[in-house]
Amino acid sequence: MARRKLLMGNWKMNKTSAEAKEFAVAAKPLAKEARAAHVDLGVAPTYLSLATTRKYAAKTMIVAAQNCHFKESGAYTGEVSIPMLKEFGINWVILGHSERRAYDNETSEKCNAKIKALIANDMVPLYCVGETLAEFEAGRTKEVVGEQVRKGLEGLSEEDAKNLVVAYEPVWSIGTGKNASTEIAQDVCHFIRTVLKECVGKSANKIRILYGGSVKPENIKAYLSCPDVDGALVGGASLKIESYTELLRNIK
Ligand code: PEP
């Protein structure tokens, strides 16, 4: 069965609620085009804009959170739990983004706890992996990415993993304009699928693997033509409705 393509925007710490609403309203006409092209659209706003984006995006887009806590409630100042997200109709969560790994001590072990909690709540984890520039230059990409995938998915069954999404984001290409070549993207995404097979068996063929790192309207098509790349996780180029629209149109 063919995997549906996915265009997911990561808005990071950008957009007020009013700006998120403006985007969501402007994105509505894209629903028909996306459906016709068999592409799922999504954006990940900040926590404070989730409810507004969910409301105005209606069925046009998946609306994902950029993080969550694995506990349902408790003494975790500054955190947001899965039931709190669910209450607002949020069913997707990005985990393990390299910025959170670098600045917020988000480890693969923590991601594993969050992935399990999300799956137990019938939600979709979008799990990010990727190597730093030093690791890339030392030829350690597969060692690092393989470990992140194995630790993140530890203890998951074939059934658990069927809705999981993985994003390969080489840290050296995020927000830098330095793209990984399509050869690198395909090679690492194929490797990730091999590791997924080891971890969760046949579900590996259903799991969508995204490439992320300086994806722009000009290069998205090349990435999406790689057999193991099922979509893109896009930061900068997902912020303006014009370039988001171009990203969608250039996937087709
Ligand atoms: C990201 O934040 O996940 C990302 C890929 O950013 P950018 O597209 O700006 O490189």
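Parameters at a glance
Residues numbered from 1 in each chain as written. Predicted model: local features only at pLDDT ≥ 70, side-chain atom pairs only at ≥ 80, totals over all residues. Heavy atoms only, no water. Axes fitted to C-alpha atoms, helices over the stretch in contact; angles between N-to-C directions. Helix = DSSP H or I, 4+ residues; strand = E, 2+ residues; numbered from the N terminus. Parallel < 35°, antiparallel > 145°, perpendicular 65-115°, else oblique. Left-handed = near helix turned anticlockwise from the far one by under 90°. Contact = heavy atoms within 4.5 Å. Nonpolar A, V, L, I, M, F, W, Y, C, P; charged D, E, K, R; others polar. Core = buried A, V, L, I, M, F, W, Y, C linked by side-chain atoms within 4.5 Å. Buried < 20%, exposed > 50% of the residue type's maximum accessible area, 1.4 Å probe, protein only. Expected span 1.5 Å × (residues − 1). Pairing = 2+ DSSP bridges.

Attention now moves to the packing of helix 1 (residues 17-27) against helix 3 (residues 47-57). Packing of helix 1 against helix 3 leaves a shortest axis separation of 8 Å and a crossing angle of 20 degrees. As far as their axial angle goes, helix 3 and helix 1 are roughly parallel. Pair helix 1 / helix 3 crosses with right-handed handedness. Each of Ser17, Ala20, Lys21, Ala24 and Val25 in helix 1 lies in contact with helix 3, whose residues at this interface are Leu48, Ser49, Thr52, Thr53, Tyr56 and Ala57. Of the residues that constitute the contact of helix 1 with helix 3, the class distribution is six nonpolar, four polar and one charged.

This brings us to the nonpolar core. One finds Leu7, Leu41, Leu85, Ile192 and Leu196 to be the most contacted residues of the largest nonpolar core, which totals 68 residues. Of all the elements, helix 9 (residues 182-200) adds the most residues to this core, at eight residues. Excluding residues that lie within four positions of it along the chain, leucine 196 makes contacts with Val149, Leu153, Val166, Gly201, Ala204, Ile207 and Ile209. With 14 residues, the next largest nonpolar core counts Trp92, Val124, Leu210 and Leu233 among its residues.

Let's shift gears to helix 6 (residues 108-120). For helix 6, built from 13 residues, the straight-helix expectation of 18 Å at 1.5 Å per residue is met to within 8% by its first-to-last C-alpha distance of 18 Å. Where helix 6 is concerned, the buried positions are Ser108, Cys111, Asn112, Lys114, Ile115, Ala117, Leu118 and Ile119. Considering only its buried residues, helix 6 is in contact with helix 4 (82-87), strand 4 (92-95), helix 5 (98-103), strand 5 (124-129) and helix 8 (141-153). Backbone geometry just downstream of helix 6 places aspartate 122 in the positive-phi region, at approximately 55 degrees.

Moving on to the sheet that holds strand 8 (residues 231-234). If you walk around this closed barrel you meet the eight strands as 1-2-3-4-5-6-7-8, and the pairing is parallel. Within the sheet, the average angular offset between the axes of one strand and its neighbour, ignoring direction, is 25 degrees. Taken together, the four bridges between strand 6 (residues 165-168) and strand 7 (residues 208-212) define a ladder with parallel strand orientation. For tyrosine 168, the partnering residue across the bridge sits in strand 7 and is tyrosine 211. Packing of helix 6 onto the sheet brings it into contact with strand 4 and strand 5, and relative to strand 5 it is tilted by some 165 degrees.

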